[in-house]
Amino acid sequence: MTVRKNFLLDEEIAEHLKKLAKNSNMTQTQVIRNLIEEKYQEIAVQEKLEALYRISGSSSGMFVGKSIQSIKADMDV
């Protein structure tokens, strides 16, 4: 599904967008879509890293003194 959005841009920014589109051989819509997706991906990666940092170390010491074989034996695998 496509959603129409209207944005107000300063003339200078509008000219920059026009030049970016022309130099990239894309429409202005494609340029904006790509820039938004690139930024969104950066944010998504950062959020995942932050989540990883929050849980890292939470299981430290959990398997001290245990081998893979003893863990499997405890699990009856």
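Note that the structure is predicted; figures quoted are calculated from it, not measured.

Caption draft 1: Broad picture of the overall build of the protein. Per the secondary structure count, the protein includes 3 helices and 0 strands. Reading the protein from its N end, one meets helices and strands in the order α-α-α. Scaling as 2.2 N^0.38, a compact globule of 77 residues should have a C-alpha radius of gyration of about 11 Å, whereas the protein reaches 25 Å, well beyond that. The 77 residues of the protein split such that 5% are buried. Carbon and sulfur atoms provide 55% of the accessible area of the protein, an area that totals close to 7600 Å². In the protein, which carries 11 positive and 11 negative side-chain charges, the distance between the mean positions of the two groups comes to 5 Å.

Caption draft 2: Region of the structure containing helix α3 (residues 68–75). Of all 8 residues in α3, 0 are buried; the element is thus mostly exposed. Phi turns positive one or two residues past the end of α3, at Asp-76, with a value near 60 degrees.

Caption draft 3: View of the pattern of salt bridges. Taken as a whole and assessed by the stated rule, the structure comprises 2 salt bridges. Of the charged contacts in the structure, one is a salt bridge between Lys-39 and Glu-42, with a shortest N-O distance of 3.5 Å. Pair noted here: Lys-39 and Glu-42 are both in helix α2 (residues 28–55), with a separation of 3 residues, about one helical turn. Across the pair Asp-74 and Lys-66 runs a salt bridge whose closest N-O atoms are separated by 2.9 Å.

Caption draft 4: Broad picture of a nonpolar patch on the surface. Together, Val-45, Leu-49, Leu-52, Tyr-53 and Ile-55 make up a nonpolar patch on the protein surface, roughly 490 Å² of accessible area in all. Among the secondary structure elements, Leu-52 is positioned in helix α2. Residue classification places Leu-52 among the partly exposed positions, given a relative accessible area of 47%.

About the criteria used
Residues numbered from 1 in each chain as written. Predicted model: local features only at pLDDT ≥ 70, side-chain atom pairs only at ≥ 80, totals over all residues. Heavy atoms only, no water. Helix = DSSP H or I, 4+ residues; strand = E, 2+ residues; numbered from the N terminus. Rg over C-alpha atoms; globule rule 2.2 N^0.38 Å. Buried < 20%, exposed > 50% of the residue type's maximum accessible area, 1.4 Å probe, protein only. Areas by Shrake-Rupley, 256 points an atom, 1.4 Å probe, with all protein chains shown as cover. Lys, Arg positive; Asp, Glu negative; His and termini not counted. Charge placed at Lys NZ, Arg CZ, Asp CG, Glu CD. Salt bridge = Lys/Arg side-chain N within 4 Å of Asp/Glu carboxyl O. Patch = residues over 30% accessible without salt bridge, like charges linked within 9 Å, V, L, I, M, F, W, Y side chains within 5 Å.

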